[in-house]
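Take a look at the letters that make up each chain.
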Amino acid sequence: MREISYMEALREAIRQAMEEDERVFVIGEDIGVYGGAFGVTAGLIDQFGPQRIIDTPISEAGIAGACVGSAVTGMRPIGEIQFSDFVVIAMDQIVMQGAKMRFMFGGKAELPFVMRLATGSGTGAAAQHSESLENWFVHIPGLKVVMPSSPYDVKGLLLSSIAENNPVMFFEHKLLYKVKGPVPEDMYTIPLGKSHVVREGNNLTIIATSVMVMRAQQAAETLAKEGIEIEIIDPRTVKPLDMEPIIKSVIKTGKALIVHEAVKTGGFGGELSALIMESEAFDYLDAPVQRLAGLDMPIPYNRTLEYHAVPQVENIVEEARKLVKGVY
Amino acid sequence: MSKEIILPKFGFTQEESEILEWLKNEGDKVEKGDPIVVVSTDKISMEVEAPETGILSGIKHGIGEIVPVTEIIAYILQPGEVLPELGKKKLETEKDKISLTNSSNKSQNMAEKISEGEYIKRSKPEGKIGATPAARRIARELKVDLFNVQGSGPGGRIQAVDVSLEKAIPEKQDPLDDLPAVLKEIPLIGIRRKIADNMARSVREAPHMTLQIDVQMDAIENARKTGNENVKKRNSRISLTAAIVKAVALAIKTTPIINSQLASEKILVLKDINIGVAAALEEGLIVPVIHKADLLDVSRISITLNDLASRARENQLKPEDLSNGTFTISNLGMLGIDRFTAIINPPQSAILAVGAIKYQLVPDESEDLIFTKKKILTFTLSADHRVMDGAQAANFLVELKNLLQQPEKIFK
Amino acid sequence: MAKNKQEKLIGGVLDESRAKELLSKMVLTRKFEENAEEMFALGKVHGTMHPSVGQEAIAAGASPALRKDDYLLNTHRGHGHFLVWGGDLKRMMAEFLGKETGYCRGRGGSMHIADVESNNLGSQGIVAGNLPISVGVGLSIQMRKSEQVALTLFGDGATNEGAFHESLNMATIWNLPVIYLCENNQYAMSMAFEKAFKIKQISSRACAYGLPGITIDGNDVIAVYKAVQEAAIRARKGDGPTLIEAVTYRYRGHSKSDRQLYRTREEVKNWMKKDPIPRFAKLLDIDEKEFKKMESMAKEEIRKAVEFAESSPEPDIDTILEGIYA
């Protein structure tokens, strides 16, 4: 199978969706001729024209409102928030309007929009361009939250998100845009709300999201040499979360390590820990569930500090070793 | 038509208002919309307006009074009208009906209580044990008491692997698979359960040392026989057990450590000598107690023993009959047992096992080869080595022997 | 314009029967609001409501100038607009009381009454919240090559929210078919216009974005009608949005817990003399008898609506989680 990058897979998904359904359009800053800050929409304006690849002024509230308003009146917009950090300017439209209109109106409106956000750190973009805010949206009923971790996943998940009749917050990690992987050429969907067992193993369950999936895989290879076999599960969709494979895995291994980039305090790991504890897996836990996550700090500019502010491969290896050896 | 003036509800959660100031008085003519009274609310004071033009009448509350919202506070009358009946104070209003019952299984937060699956609760170990959920589950399934398991986890936490090793049974194998065919199943409940728990605990916690002494019972048997000849009443006759009880009580007085209890960090040597005499019932062993046996004479002890025995047979023992024992005597001699070792009855520190009286040929004290036929009874004392040492236990037994072989003190 | 009855056109734009209908609706709105206030004071209504008493003329003039398939993006003070739009009083009242038969199945309340089927995209709880949405609706209309317009209502307070500026700018650069109708009732909660604005008229902000802006007498039904009609024509032609500032006055407090310390009784009384309802009645030559008839019909309609609402069932607790996701 041919290998393309995460960014190219995204572009292909958007293109195929727009070719198939004329209600789909993209709206965001610098997505037209400029091709998007990360190049995702490059070339699309030539194919679809400025009416469907809409460049906006710097107006995140406007972009989000445009998604809400057009979605509720029959369109299927894909909004782009250039850096997930800027979503704060669009919060009213997403949280108070988009997420809630269906419910407030007695279940009588449909809001089929996708908000794509470039998330995460590692590019030296510092505190206001490196956020991981997915858990804010996990907290809002009415929204769905997706975190694709590979080129194959990102295409299938975006196509599902576009077809989804509810608002979807779609978090693309900046460091994944250039990562290559096998991606089928045709249109395919990966269902939302289904977790994926990326790797099987008996000694420890690692649940990881976004760029951490790749890092966990690398850690697993190192650990395998020491005779420690890691099972890696990628939820793919953090809301709604498919707990079944996770519970099954923890029952098998008795130990769980959650890895995510977002700050630990108030991060998704806390929610997942509680869910594991509340599930049937409780009786099979042989150690406390551990969370490996971002330090409680804004992302620093300095390259080394930035590196150590979030979990890296060696951190995953170390935590896994400790858990398996019974340090915790 | 008279018009009621209602105290309005101004805020979401407001329940009442305080009357702050009447801007108009009883009998004043007011126009629709005129403010007539100032009241307090959750935030600030508000004015209530006249709903109609007319005469303000029937003011019900004065300054400083707290009035519930939606209550009638006054009326607007048209000339010539009178106030309506003072009967109804409040207009009927709908109450918010928020009935959040636990009837929904679609509601995430209103989870119904699921009854716990059954699992075996072992006797409570002292203090708490750190063990992982997995370890606890395996312990439950294999019926292993976590108290006995050594934990290899952080801080001695018991982990799954510790429990599996402990039992050394491969997981998922039912330990009951190897039993031979069952004739009868007796549930471990009630007295049987209690005895099981107590005896296991006793053996587990108290290091038992056993001492034996053979006593020539001829003197005491003769004394008894002589004494009982003159006694008419059957139940006043002195039994051997009564004599032994009295002898034990007196012997304890010389070695009080025998009559003690171990409490967390200290040994309590007890004042009262309450001797329990084990009796076998169909359901199991019970131990009725002779309280303050040292203060009773032997005939009284005998009477009491008989009474306890007959009541025990008729299931009429009271809790006080069985409580506060400080020393126990157990007699299997009557069943033909030569000698045996009894298990200490916690929280006591010693127990005396009484064997059967048997004829033996006893050599004379002198060097000559002369043998006399004697009635010999072997007493076996089990004592808690945490509380006393061999010397003290020996002391007691020797004293007991002396008392029984020279029984004057018993029959005093 | 000619009051010539033979023309049967009021103000040159409305025929007499339609005008009378509108007056009834104004009366109905007024009575509805007053009734709602009474119910609130009696503790029958959970939460709060925002009465539009005094602003009925804008409601009466705006939506009649539009078509059935146009969109309405309403404000929190929007009962009147919805009633004129064609809202069912019974279902509005039921929503008011939180009942299952309400427009939003009791889940929205006064502030979120919507009827997506009739293109009423809901009232807003967030000031200026509907402005960015109007951009989306406008884009949607444009992409579907439809002739619809989106009537977007908001107050003077909304024009100081960032969303107002983002939205008007975007609507203008893309020539979206939106009518921005600002009900300037001189107070944003307690903030008086003079304190919140250096400019004298909100319509002068239009030039900042390049769309036409006009200020009209919001208590003149005909003036409102004409302005909205013109804006609709522009929008349908593809000439983009219009900002209409309709100056009016709010008789009651912002909501039920407003003491109104920020203005005097005199001020309120003076504006009440310019009450749009008797003014419109005078324009239509309605006599006292006919007016009283309208009032009693309104009261009766409201009584029936209250009866319907009060006898309607509460939402079933087992359905509490319904309607969150499609």
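Worth saying up front: this structure is predicted, and the values here are computed from it rather than measured. (Residues numbered from 1 in each chain as written. Chains lettered and ligands numbered in written order. Predicted model: local features only at pLDDT ≥ 70, side-chain atom pairs only at ≥ 80, totals over all residues.)

1. As for the overall build of chain A
Item 1. Regarding its fold elements, chain A presents 12 helices and 14 strands.
Item 2. The long-range fraction of contacts in chain A, counting pairs at least 24 apart against all pairs at least 6 apart in sequence, stands at 80%. (Helix = DSSP H or I, 4+ residues; strand = E, 2+ residues; numbered from the N terminus. Contact = placed C-beta atoms within 7 Å.)

2. Focus on the overall build of chain B
Item 1. Of the regular secondary structure elements, chain B holds 8 helices and 18 strands.
Item 2. Expressed as a percentage of the 412 residues in chain B, the buried residues total 27%.
Item 3. Pairs at least 24 apart in sequence give 59% of the contacts found in chain B among residues at least 6 apart. (Buried ≥ 20, exposed ≤ 12 C-beta atoms within 10 Å, placed from the backbone.)

3. Quick look at the nonpolar core
Item 1. Grouped together as the largest cluster of nonpolar side chains are 209 residues, with contacts concentrated most on Ala320(A), Leu151(C), Ile179(C), Val228(C) and Ile244(C).
Item 2. Examining the composition of this core, we find that 10 residues originate from one element, helix 1 (residues 16-41) of chain C, more than from any other.
Item 3. Not counting residues within four places of it along the chain, the set of residues in contact with Ala320(A) comprises Leu204(A), Ile206(A), Ala219(A), Leu223(A), Ile228(A), Ile230(A) and Leu257(A). (Core = buried A, V, L, I, M, F, W, Y, C linked by C-beta atoms within 7 Å.)

4. A look at the interface of chain C and chain A
It is common to report an interface's size as the accessible area lost on association of the parts.
Item 1. In this assembly, 35 residues from chain C lie in contact with 37 residues from chain A.
Item 2. Those elements that provide at least two residues to the side of chain C that touches chain A are helix 5 (130-143) and helix 6 (162-173) of chain C.
Item 3. In terms of residues, the side of chain C that touches chain A owes the most to one element, helix 5 of chain C, which gives 10 residues.
Item 4. Taken together, the residues of the side of chain C that touches chain A sort by class into 19 nonpolar, 11 polar and 5 charged. (Nonpolar A, V, L, I, M, F, W, Y, C, P; charged D, E, K, R; others polar.)

5. As for the pairing of strand 18 (residues 371-384) of chain B
Residue and element names in this part refer to chain B.
Item 1. In this structure, strand 9 (residues 208-216) lies alongside strand 18, joined through 9 bridges in antiparallel fashion. If you follow Thr-210 over to strand 18, its bridge partner there is Ser-382.
Item 2. With 12 bridges connecting them, strand 17 (residues 350-363) and strand 18 associate as antiparallel partners. From the neighbouring strand, Tyr-359 faces strand 18, where its bridge partner is Lys-375. (Pairing = 2+ DSSP bridges.)

6. Description of unusual backbone geometry
Item 1. A cis amide bond links Lys239(A) to the next residue, Pro240(A), at an omega of 0°.
Item 2. Cis geometry marks the peptide bond from Pro346(B) to Pro347(B); its omega dihedral reads 5°.
Item 3. With respect to the secondary-structure elements, Pro347(B) resides in the loop between strand 16 (327-331) and strand 17.
Item 4. One non-glycine residue, Ala126(A), lies in positive phi territory at about 70°.
Item 5. Overall, Ala126(A) belongs to the partly exposed group, with 15 C-beta atoms counted inside 10 Å.

7. Some words on the sheet that holds strand 2 (residues 16-22) of chain B
All names here are of chain B.
Item 1. One open sheet holds the 4 strands; their spatial order is 5-4-2-7, and the pairing between them is antiparallel. A strand with exactly one partner marks an edge of an open sheet, and here the two such strands are strand 5 (45-49) and strand 7 (66-68). With direction set aside, neighbouring strand axes in the sheet form an average angle of 45°.
Item 2. Of the pairings in the sheet, the one linking strand 2 to strand 4 (residues 35-40) comprises 3 bridges and is antiparallel in character. When the bridges of strand 4 are listed, Glu-21 appears paired with Val-38. (Axes fitted to C-alpha atoms, helices over the stretch in contact; angles between N-to-C directions.)

8. Quick notes on the packing of helix 3 (residues 60-72) of chain A against helix 4 (residues 91-98) of chain A
Residues and elements named next belong to chain A.
Item 1. Across the interface, helix 3 lies against helix 4 with an axial gap of 7 Å and an inter-helix angle of 30°. One way to sum up the angle between helix 3 and helix 4 is to call them roughly parallel. Between helix 3 and helix 4, the residues in contact are Ala-61, Ala-64, Gly-65, Cys-67 and Val-68 and Asp-92, Gln-93, Ile-94, Gln-97 and Gly-98, respectively.
Item 2. Residue composition of the contact of helix 3 with helix 4, grouped by class: 5 nonpolar, 4 polar and 1 charged. (Parallel < 35°, antiparallel > 145°, perpendicular 65-115°, else oblique.)

9. Quick notes on the confidence of the model for chain B
Residue and element names in this part refer to chain B.
Item 1. Averaged over all residues, the pLDDT of chain B equals 82, while 84% of them reach at least 70.
Item 2. Long-range and interchain partners of residues 169-173, a stretch whose pLDDT sits below 50, account for 3 contacts in this model, where long-range means more than four residues apart.
Item 3. Our summary of model confidence lists the complex with pTM equal to 0.65 and ipTM equal to 0.72. (pLDDT = per-residue confidence, 0-100.)

10. Remarks on the sheet that holds strand 9 of chain B
All names here are of chain B.
Item 1. Spatial strand order, 9-18-17-16-12-15: 6 strands in an open sheet with mixed pairing. Across the chains shown, the open sheet's two edge strands, defined by having one partner strand only, are strand 9 and strand 15 (289-290).
Item 2. Of the pairings in the sheet, the one linking strand 12 (residues 275-277) to strand 15 comprises 2 bridges and is antiparallel in character. The residue bridging Gly-276 from the neighbouring strand is Val-289, located in strand 15.
Item 3. Its contacts with the sheet put helix 5 (residues 240-254) on strand 12, strand 15, strand 16 and strand 17, and the angle it makes with strand 16 is roughly 145°.

11. So, the packing of helix 5 of chain B against helix 6 (residues 298-313) of chain B
All names here are of chain B.
Item 1. Between helix 5 and helix 6, the least distance of the axes is 9 Å, while the angle of their chain directions is 125°. One finds that helix 5 runs oblique with respect to helix 6. In this structure, helix 5 meets helix 6 at a crossing whose hand is right-handed. Here helix 5 contributes Thr-241, Ala-242, Ala-243, Val-245 and Lys-246 to the contact with helix 6, which in turn contributes Val-298, Ile-301, Ser-302 and Leu-305.
Item 2. Looking at side-chain class alone, the contact of helix 5 with helix 6 contains 6 nonpolar, 2 polar and 1 charged residues. (Left-handed = near helix turned anticlockwise from the far one by under 90°.)

12. Brief notes about helix 7 (residues 151-163) of chain A
Residue and element names in this part refer to chain A.
Item 1. Taking 1.5 Å per residue as the helical rise, helix 7 with its 13 residues ought to reach 18 Å, and the 19 Å between its terminal C-alpha atoms agrees with that figure.
Item 2. Of all 13 residues in helix 7, 12 are buried, a share of seventy percent or more.
Item 3. Buried residues of helix 7: Pro-151, Tyr-152, Asp-153, Val-154, Lys-155, Gly-156, Leu-157, Leu-158, Leu-159, Ser-160, Ser-161 and Ile-162, and no others. (Expected span 1.5 Å × (residues − 1).)

13. Overview of the environment of Ala160(B)
Item 1. Its location among the elements puts Ala160(B) in helix 2 (residues 160-167).
Item 2. Each C-alpha atom, one on Ala160(B) and one on Ile138(B), is 6.9 Å from the other, the two residues being 22 residues apart in sequence.
Item 3. The contact partners of Ala160(B), leaving out residues within four places of it in the chain, are Gly254(A), Asp286(A), Thr132(B), Ala134(B), Ala135(B) and Ile138(B).

14. Quick look at the pairing of strand 16 of chain B
Residues and elements named next belong to chain B.
Item 1. Counting buried residues along strand 16, 5 of its 5 residues qualify, which places the element largely inside the surrounding structure.
Item 2. Where burial is concerned, the two faces of strand 16 agree: the one with Phe-327, Ile-329 and Asn-331 and the one with Thr-328 and Ser-330 are both buried.
Item 3. In this sheet, strand 16 lies alongside strand 12 in parallel orientation, the contact comprising 3 bridges. For Val-277, the partnering residue across the bridge sits in strand 16 and is Ile-329.

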